[in-house]
Every structure is written in structure tokens, then in C-alpha cells.
Amino acid sequence: MHHVPDRSRDQSFADYRDEAWQVSLFRLALIALLAASLAAGPALIRAGLGFAWPVYVIPAAAIAGVFGVVTTSLLGRPAWRDRRGMTFRLGEVVLLLTVARLLVWVLYEGWPGPGALRAWLVHPGLFFTGEFLFAAFTLMLVWGFAVGTTADFLDLAIRPDEVAAQRSRAWGDSKSQWRVAMPVSRSEILQRFALRWISFGLLLVVCAALTRIAITTTPAGLLRASLRGLGLQPEALASLVCYFLAGLLLMSHGRLAVLRARWFSQDVEINSTIINQWHRTSLLFVGLVALVALLLPLGRTSWLAPAIEWLFALVIRVIMVIALIFGALFELLARLLRALFGESGGELRPAEPIPMPPPIPSQEEVASRLPPWLGGVVLWLVVVLVAGFLLVSFLQSTGLHRSRLGGWLLHMRLRWRARRERYGLALTQQVNKAIGRLRRVRRRVSPASRTREGMRTPATPRDKVRQYYLSAVQEATERGKPRPSHRTPLEYARDLAETWPEAQTDVTGLTEAFVDARYSEHEVDEQCATTTASTWRRLMQGLRRPPGRGAE
Amino acid sequence: MAELPIVLLFFLIVAILLRMDIVFYLVYVLSGSYGLARWWAGRSLKQLTVERRFVDHIFMGETTAVDICIRNRSILPIPWLHYDETPPTQLSGSTRLLQAIALGPKEQATLHYEIAGRQRGFYPVGPGRLSSGDLFGFAEARGSADEHRPLVVYPRVIPLVHAPLSSRSPYGTIASRQPIFADPTRVNGVRNYQPGDPIRGIDWKTSARSGQLQVKKTEPAVSLSTSIFVDLHTPAYSRSFRYSGTEWAIVVAASLANYLIEERQVVGLGSNGHDELTDATCWSIPPRSGRSHLMKLLEWLARVQAGETRSLHEWLPQATVSLAWGTTVIAVTASGDEATCAALGRLYRAGLNPVLVAIEPHAHFAVIKERCRRLGVSAFEMADEAALRRWQIREAVTYVGVPYAPRAG
């Protein structure tokens, strides 16, 4: 039930909002139903053209309608003010198009294979199949209608500035200073909705009517329009009825909104029974009219039908006779003119030029020509980047990235990143091994390599300690715990201790010895190097065990 | 929604030509809703009865509660009804009635507001403006609730203990000190006969009982048959006192009338102001007694408005033609200008007892008073309420005529 905001007390900021009106579930459901019913129009045209009735279109349209209604309602909240913008809306569009594409793949075309992918790279237009275009157009139509209608009804709510103006009781306080000029009055908003409802309803009926008309050719080759015997799909019938009934009920809602806003601004005391009984009465009224209409004569049983049909046939015949007379007169005039000015007997048409074979490209041109898939790749890359950006923006705006779906997506992303890192590591190892093998081979071949080997062996205890530490770091890297460049040795030691808690003592000892050897200026003796060597051995054994498993 | 009938016509043509049952059904639903809603909206106001209840005569300072009973005689509900009734603008402080209600079948609702009698006058209350409509905005009906009813706010009445007015009318109910006005019906004793006493004054029964001629002693009494004339000719008042002066003149007239009716005297009223109800100017009411007559006088005083009509000195001779000899004529006017004094002097010579009550303060009222005295007219200055109170408690000093004793208590 909708209540007028209380203007008797000083309340918080939230009380200046017409919350009850904005979150009316019944009205939102009516808007979604109205929008979803609109999907019957494209489906009827499609059926009229001889294609099968798309079974998915009404449920998908219902989802698109609910989607548009919900997002527009959310954007109407003050907390979502900063998210109102083109990016959010385009994100919705991308999401809807994605859903439409997936639906078509799942229900009609099947999942695309490598051949299809190759074809899209070379010819991107192949991605946009007729079925996909139909689904995309229908869902976009429904979504757009739902968004527009919901926005209109949100605009009908009593605005905070009107509540503030009503509550101002200070002496000399002009109420107009609180008011923000409304670009369009509520009556005009309601008129706009009514016009949109009627116009789309007209289109729906025209679409339905088109399915009844069969255009055939007579044996003489003339076009002939006749009526098809087949009736409409039950979904189409239900959509038509739902569209008009939901529209009537929404008109009633809008009327109430206009009245209550007018009364609110005029300080009229509103009896609560009006608002409490309004929707009930309108529902009863529309329901009764719909019920009574079922009992009235339909189609051929209508007594008026034959008379009007005869009248129209007469009018059409008269029009045809007039057209024939005018055609004959025109033809007569043309012949007369031809006789007066002489007839050349028809000029000879110039001979069509013989098509020349395409020029043979030179060898340099062939070499410099880009691969045929490059354009498609660039196009799809741009499309994927833009669509991905819009989708991510939409998810972040709606807060869905913090929901279960968002968690799942984040998990997928992290998993992909870990897998990529593993692949990178394995590749690096393979490359390193290959390089090592190559070096060993070279060492065998070149005696100078022995010298270089000797030069790399640590000469002092300080170098030995550093060597042990770096060796341990390399081992940890191979075990999936690389040392990031921004981490200090002590921070890295904590990371290693978290991964291999049983080796915490050795990690700490080795790290301290390394820090001492690396950054201190005093002499590192041989005893220290020996102790570090034993620590390093224990640590290497610990690192080779799987993480989390203690010493057995 | 002006497009809806055209669209419906198109639908009907499509339905008939293509023989589509569903379109027929839609035509029925839409046209049914449209037509029924319009019919319903147009009918709803006709099926309403509005009754307004309130006390239509109040004194200044009182408040009257206005109850408006709205009854739906139809079996169809009225989804919304907006009622708007504005109290008279002169009665500032009264609450404007703005209410939106819904009425079920045969339901009745009572709306309520109050009118404060802040200023004397004759005010139309209502009619209320009604508007109703359908649920979809196809039609809206507007109308008036009922005819307006008048509200009379009586002028302020200041209770007077007594008024030092003189009288020249014998045989009244007011005791007098002048033996000349001895009333043979008010016998208060006997005395010995003296030569020269009229024979008809002898009390034969007492004389027979006492053995000496006894003559009846009678108490002098006068009557104060009065006619009050209020000057509401606006040019007679100075510009700054044009509103407050005329209003104060009406208060003084109402207070004097109230006092005299309380004293069981006959009182008439006249004014050269404009009466809103009868559209009369320069009207007069013959002297009568009784409370109902007082209420009539107060109602006329409530309604009368100052305007540029005939001046008092022009109209007064004509207005007093039918008055009985000795009637006290109180002229409540702005100031005693020469023309007014002369007119009052002529009344004195015609046997009436004229009294001048000046409303506007005048620096040289003593001059006016002396002029009046020479013409045989009593003159008083009552510029404000304090002056009125001073006037009623001071000793009755008469220049012409005979003062009467104040009523005991």
C-alpha cells in the first residue's frame, strides 16, 4: 500500500523519500509483465513469415523485463546516484546480448566449434545469425520498454523537495525555495506512458493481424490477399491480453500517483481509504470488464461484422474502380503523347562492357598482404575488451562481484592466474634445463669453461652463505613459492614459514645468516659457513617435502 | 487519452475485417473500460447529496462548527472525491476544508471545519467545490456541492448599565422625577384634597372611608420610544476613520438597542447604509419591543455596509415622518456638522426628541455640543469604548427634556 509521506513530524532524510511508492512490488511486476508481453510482437511477425514460434522468447523476455525493472528501480535510489550513466546501461546491454547469444547457441545452433571460430575471425558478420539478431532485438525491445516505463513511474513519486516544501513552517519561509522545477509534469508523464502503451499495443495488434493475412498469387499472376485459417499461438493470445490488462492497471496506478501528488502539494487531507482501496477497486473493475467481455459475441457471431465487412468491401471496390479508370486514362494519355511526338522504336541499349579479369598481384604485394584473419581478430579483440569492461563495470556497480556469482568469477580468475603461473614456471624450468644442458655440453667442449666454473665457486665464507641462501630460494621457487622482488628476505622468510611451518627454524636461521653475510661489514668465519651449510641441507630436505606435511 | 477512441476504432475494423476474436475481445475490454469509466465519473457527482449543518447566527468572537455530510446514493463506489470549501475571506483564521475521500456504495462521510466569527457581517458559507473521476484518468467531473447558506455574525454588543437619555413621551414604564409625566395607572398613595385638584383625581373609596376627600398620588413615568439612525454615508467620515468609524457606529447602535430592549422599550432602527441581502439603501425598521425584535435589529446591523449613499441630514426628515410624537431619535453619526445639527433641530421642532452621538473624536466637541443645545438637541461624544463606558456612568445631565431615573439594580 502506498502512503503519502508524513509531513507532520521532523524525521530523518530517508523519510523525505516516497519509499512506499518506489518499492511497490505489484506495480513493478505489472511493468515487467507489460514489457514481457511486448515480445509477442516480433515473435508474431516471425511466425507470420513461416518460422516456428520461438518457445524461449516469452520467458527470456520476462527475465529481461524484470532485469530492466530491477536495475532502474535500484538506480532510482539516492545511494545509486553515482552509478547512473551510460556505462551502467551499456553494461546491461552487453549482458543481455550475451544472454541472447548463449540462449541461441543452447537452444538452436549448438555450441560453436573451431571451424565456426575460424569463420568468425575471417568473416565477423557470420557471428550475427538471424536467430541471434531476432533474440537480441526482442530482448532489447522488452528491456528498453521496461526501463522507460519504470523510470516514468519512478518520476511519478513524491519527490523529497516537495516533502521539504510541505514541511517548511518557518515564518517568512517561502515554500518555493525548496522546490526544484520539474521538467515535465506528472500528467504529461502519464500521458507519455499512455501514448507509449497505446502505440505499442497498436503495433502488437498489427503484428497479430499480419499473421492472419496470407498473400498468394492467382493463376494469372496477380497478388491475392486472403485469410489464414490458423489461429494465434496461446502464448501470443495470453501476451496480448496481459499487455492490455496490465496497461490498464498501470494507468490506474499512474492516475493515483498524479492525484496524490497534486493533493500533497495542495495540503489536502487524504483519507487513507482512497489509497488502501484504489488498487483493489481498479483490479476488480478491470477483472469484471474482462470477464464480461468474454461473454460478448466474438468474431463471426457479432451482428455488426457482416454489415461492416460488406461496407468495407464496397468501399474497396469503389476505390479499385476509380484506380482502374485513372489507370486507363493515364495509359490513353501516354499513347496519345507517343502518337503525337513519334516513337523511335526503342533505342539500342549500349553493350555491356566485358568484365576484365582481376589484376594479378605481384610477388611483393602477395608477401606484404596481411593475413585474412587479422581484421577479424582485431575487431573481436576490441569487442571483447569493450564488452568485458562494460560487464565488469556493471558487475561492480551492482555489487554483484561481491555476491556468490562474483566470488565464483574471482575464484575462476585466481585459478586461471595460478595455472598461468605454473605454466610459466614449468616453461622457465624447461628452458633453464635446456640452457644447462647446453652449457654442460659446451663445458665439455671448452676447457675455459672449467675456469669459469672455478670462478663461480664461492671463495669466501661470506659467498658460501649467500650461495646457500640463493640455492634455497631457487628451490622454493621451483616448489611454487617464488620470491617477489618487492619482498625483503625477512618477509620472504615469513612466507616460507607459512608454507612450510616445519622448516621455520631452518628458514629463519638461513635468512639471518644471509642477511648477516649480505649486509654486515664484519668478517664471516668458516664456522658460520659450516653451520649455515647444515641448516641449508635440512631446509632443502624440508622444502622437498610437500607443504604442510611434517617430518616423518 | 484522446487517441484511445481512434485506436479502438482501428481495432474494431481490424477485428471485423480479419475476423480475429482476440482483437474483438480487446476492443470489448478497452471500450468497456473507457466507456464505463467515463459514465461512472460523470454519474458519481449526480448521485451525491451534500448537506451542510451549522449554526448560522453567531456573535462576534464565537465559533461555529460546520459539518458537511456527503452521502453516496449510488450502489457504485466513488473511488475518489475531492472536496474544497473556503470560508469567507473576511473571517481570517478559519480553516479551509480540503479533503480527499473515497465513498463506498450508499456510504456517508462527514467533513468538519470551523468558522470563527471575527468580524460582523453577512457571509455566504459554501458552496463546496467537488471533483471526482474514474480510476484511469479518462474523465473527471467537477461541480458544486450545494447552494451557499448565509452566516450572520452579529455586531459586537457592549452591555450598558444605563444610558443618560432623556424622553418627552409620557405614559411609559420608566419612572420619572417630573410630576408633569404623572401616570394615573401608577398610584402610589393618597393625599388630602386641595383646591384646584381635578375631580377625576379623587379616590372616592378612600375618601368615603376616611371622611375627607382624598386625591390619588401618582408616580411620574415616561416611555423611551427610540429610533436609532446610523449614519453609514462614508463621505461623512474622515478618510482615516472610514472603516473603523462606521464599524464603531454599528457597535454603538447595537449596544444602545440592546440596552433599550432590555429596558422593555420600543426601539426602531434605520440607516443610510447598504443592506446586502435586500439590496436596500436608506432603510428603517419601525420601533418594536422584545428580544426577537432585537435579534432582527442586530441582523440588519450585521448585514449593513457603509457606502456612498444619501447623507443623513438629507434622509433623516424623510425617515422620521412616521415616528410618533416624543420619540427619541438617536443619530449615530461621524460628527455633528451643521447640516446634521440643523436636521436634528428640525426634528426637535417637530416634536421628536433628537440625540446626537458623535463617533469620531473631535477637538472642539464643546462647540458642537453648544450648537446642539441651542437647537434643542442632546449631544454626546463616543469616540471609543472607554468614552461609551464613561458616558453611561456619568450623571444624567439633560439640556432639553426630562431625565429619568436609572433602573434599580
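That block above? That's the structure.
Throughout, residues of each chain are indexed from 1 in the direction in which the sequence is written. Here chains are named by letter from A upward and ligands by number from 1 upward, in the order in which they appear as written. For a predicted model such as this one, the threshold for reporting local features is a pLDDT of at least 70, and the threshold for listing and counting side-chain atom pairs is 80 or more; totals across whole chains, interfaces and linings nevertheless cover every residue. The side-chain numbers reported here are obtained from all heavy atoms of the structure, hydrogens and water having been left aside.

### Description of the overall build of chain A
We apply this condition: A run of DSSP states H or I qualifies as a helix once it reaches four residues; a run of E qualifies as a strand once it reaches two. Both are numbered from the N-terminal end. Under the scheme applied here, a residue whose accessible area is under 20% of the maximum for its type counts as buried, over 50% as exposed, and between as partly exposed, the area being computed with a 1.4 Å probe on protein chains only. Only heavy atoms enter the contact rule, under which two residues are in contact if any of them lie within 4.5 Å. Values of accessible area rely on a 1.4 Å probe in the Shrake-Rupley scheme; residue burial ignores everything except the protein chains shown.
What chain A contains, in helices and strands, is 20 helices and 3 strands. Counting all 552 residues of chain A, 34% fall into the buried class. Within chain A, counting contacts between residues at least 6 apart in sequence, those at least 24 apart form 71% of the total. Summed over all atoms, the accessible surface of chain A reaches about 34,300 Å², with 65% contributed by carbon and sulfur.

### Considerations on the interface of chain A and chain B
How we decide: Once two parts are put together, the accessible area they lose, assessed with a 1.4 Å probe and summed over both, is termed the buried area. Salt bridges are defined as contacts in which a side-chain nitrogen from Lys or Arg sits within 4 Å of a carboxyl oxygen from Asp or Glu. What qualifies as a polar contact is a pair of N or O atoms within 3.5 Å, subject to a donor-acceptor requirement within protein and to the restriction that residues adjacent in sequence count only when both atoms come from side chains.
Taken together, the contact pairs 54 residues of chain A with 41 residues of chain B. The contact between chain A and chain B buries some 4,500 Å² in all, and 77% of this surface belongs to carbon and sulfur atoms. Of all residues in chain A, L248, R255 and F285 of chain A give up the largest surface area on contact with chain B, accounting jointly for 13% of the area buried on that side. There are 2 salt bridges connecting chain A and chain B. Ionic pairing is found between R255 of chain A and E140 of chain B, a salt bridge with its closest N-O pair at 2.7 Å. Our count for the contact surface shared by chain A and chain B stands at 5 residue pairs in polar contact (both at pLDDT 80 or more). Contributing elements (two or more residues each) for the side of chain A that touches chain B: α9 (186-210), α10 (234-265), β3 (269-270), α11 (272-295) and α12 (304-341) of chain A.

### Considering the sheet that holds strand β3 (residues 63-72) of chain B
All names here are of chain B. Here is the rule we go by: Two strands make a pair as long as DSSP finds a minimum of two bridges between them. Angles here are taken between N-to-C directions and fall from 0 to 180 degrees, while the axes themselves are lines fitted to C-alpha atoms, restricted in helices to the stretch in contact.
Taken in spatial order, the 3 strands of this open sheet run β1-β3-β6, and their pairing is antiparallel. The two strands at the open ends of the sheet, each matched to only one other strand, are β1 (48-53) and β6 (108-116). Adjacent strand axes in the sheet meet at a mean angle of 15° when their direction is disregarded. Inspection of the sheet shows β1 paired to β3 by 6 bridges, in the antiparallel sense. Residue pairing in the sheet places V50 in a bridge with I70 of β3.

### Some points on a nonpolar patch on the surface
All names here are of chain A. Let me state the cut-off plainly: Patch definition: residues with relative accessible area over 30% and no salt bridge; like charges joined within 9 Å; nonpolar side chains (Val, Leu, Ile, Met, Phe, Trp, Tyr) joined within 5 Å.
Taken together, the side chains of W310, L311, L314, V315, V318, I319, I322 and F326 present a nonpolar region at the surface, about 790 Å² in accessible area. Within the secondary structure, L314 is located in helix α12. Residue classification places L314 among the partly exposed residues on the basis of a relative accessible area of 39%.

### Focus: unusual backbone geometry
Residues and elements named next belong to chain B. The residue K106 is not glycine, and still its phi comes out positive at about 55°. Position of K106 relative to the elements: it lies in the loop between β5 (97-103) and β6. The partly exposed category is assigned to K106, whose relative accessible area is 47%. Located in the positive-phi region is R264, a residue other than glycine, with phi close to 65°. Mapped onto the fold, R264 is located in the loop between α4 (242-262) and β16 (267-275). Classification of R264 by relative accessible area gives exposed; the value is 66%.

### So, the packing of helix α6 (residues 312-319) of chain B against helix α7 (residues 338-349) of chain B
Residues and elements named next belong to chain B. To keep things clear, this is the line we draw: An angle below 35 degrees is read as roughly parallel, one above 145 as roughly antiparallel, one from 65 to 115 as roughly perpendicular, and any other as oblique. By definition, any crossing whose near helix is turned counterclockwise from its far helix by less than a right angle is left-handed, and any crossing with a clockwise turn is right-handed. Residues are grouped as follows: Ala, Val, Leu, Ile, Met, Phe, Trp, Tyr, Cys and Pro are nonpolar; Asp, Glu, Lys and Arg are charged; every other residue, Gly included, is polar.
It is at 8 Å that the axes of α6 and α7 come closest, and there the two elements cross at 15°. When the axes of α6 and α7 are compared, the pair comes out roughly parallel. Crossing handedness for the pair α6 and α7: right-handed. For the pair formed by α6 and α7, the contact residues are L312, H313 and L316 on the first element and A339, T340, A343, L344 and L347 on the second. Its residues placed into classes, the contact of α6 with α7 shows 6 nonpolar, 2 polar and no charged.

This is a description of form; function is not addressed.
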